[in-house]
Amino acid sequence: MDKKIVYFLCTGNSCRSQIADGYLKALGSDKYEVKSAGLEAHGLNPRAVATMKEDGIDISTHTSDVIDPEILSQADYIITLCGHANDNCPVVRNDKAERWHWGFDDPAKATGTEEEITAKFREVRDAIKARIGQFVKEGN
């Protein structure tokens, strides 16, 4: 069975797209080839790594990458996780791709105490996990 290519896109490929990438690899690697990228590469956010580790998923070896036009043209699903990426994703000639937008707050912009920032990362992580679970369950 050929795996469908899922390409998660965000602004900096540091938090939300990395979290989505980690969950889909954990929950659906038998059905999907998972990639993630950003309009820019901001580096892997250490809080995203720590928050995912709390849930038993190691994304510490992920890299922060910019959008690859070749992967974009081959993807079966192009899923943006922030409005900026949705609005600025390059136009691609790919008739087979389904393009979806799943908007989530950027936890890297959270302010407050360390506990409040960590809580925001967990909230976004859990929301992404739920959406990935739904995606896999629906068998797209």
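The present account deals with the structure reproduced in this document. Just so we're clear, the structure is a prediction, and the values are computed from it rather than from any experiment. (Residues numbered from 1 in each chain as written. Predicted model: local features only at pLDDT ≥ 70, side-chain atom pairs only at ≥ 80, totals over all residues. Heavy atoms only, no water.)

Things to note about the packing of aromatic side chains
Move 1: Within the structure shown, the criterion is met by seven aromatic pairs.
Move 2: A centroid spacing of 5.2 Å and a plane angle of 85° characterise the contact between Tyr77 and Phe135, whose relative ring orientation is edge-to-face. One end of the pair, Tyr77, is in strand E3 (residues 77-80); the other, Phe135, is in helix H5 (residues 114-138), with 58 residues separating them in the sequence. Each member of the pair, Tyr77 as well as Phe135, is classed as buried.
Move 3: Taken together through their ring pairs, the aromatic side chains of Phe8, Tyr32, Tyr77, Trp100, Trp102 and Phe135 make up a single cluster. (Phe/Tyr/Trp six-rings, centres within 6.5 Å; stacked < 30°, edge-to-face > 60°. Helix = DSSP H or I, 4+ residues; strand = E, 2+ residues; numbered from the N terminus. Buried < 20%, exposed > 50% of the residue type's maximum accessible area, 1.4 Å probe, protein only.)

Some thoughts on the side chain of Asn45
Move 1: With respect to the secondary-structure elements, Asn45 resides in the loop between strand E2 (32-38) and helix H2 (46-54).
Move 2: Excluding residues within four positions of it along the chain, Asn45 makes contact with Ser14, Cys15, Ala108 and Phe121. (Contact = heavy atoms within 4.5 Å.)

A look at H2
Move 1: Buried residues of H2: Ala48, Val49, Thr51 and Met52, and no others. Looking straight down H2, one finds that the buried residues subtend no more than 170° of arc, so they occupy a single side. Among the exposed residues of H2, those oriented more than 90 degrees off its buried face are Pro46 and Lys53.
Move 2: Buried-residue contacts for H2 involve helix H1 (16-28) and H5.
Move 3: The N-terminus of H2 is capped by Asn45, whose side-chain oxygen sits 2.7 Å from the backbone nitrogen of Arg47. (Arc of directions from axis to C-beta. Polar contact = N/O pair within 3.5 Å; in protein donor to acceptor, adjacent residues only side chain to side chain.)

Digging into the nonpolar core
The nonpolar side chains of a soluble globular protein tend to be buried, and buried together.
Move 1: Core analysis: the largest hydrophobic core is formed by 30 residues, its most contacted members being Phe8, Leu24, Ile79, Trp102, Ile132 and Phe135.
Move 2: Elements with a minimum of two residues in this core: strand E1 (4-10), H1, E2, H2, E3 and H5.
Move 3: In terms of residues, this core owes the most to one element, H5, which gives seven residues.
Move 4: Those residues within four positions of Ile132 in sequence are excluded, and the remaining contacts are Phe8, Ala20, Tyr23, Leu24, Leu27 and Trp102.
Move 5: With ten residues, the next largest nonpolar core counts Tyr7, Leu9, Ile71 and Leu72 among its residues. (Core = buried A, V, L, I, M, F, W, Y, C linked by side-chain atoms within 4.5 Å.)

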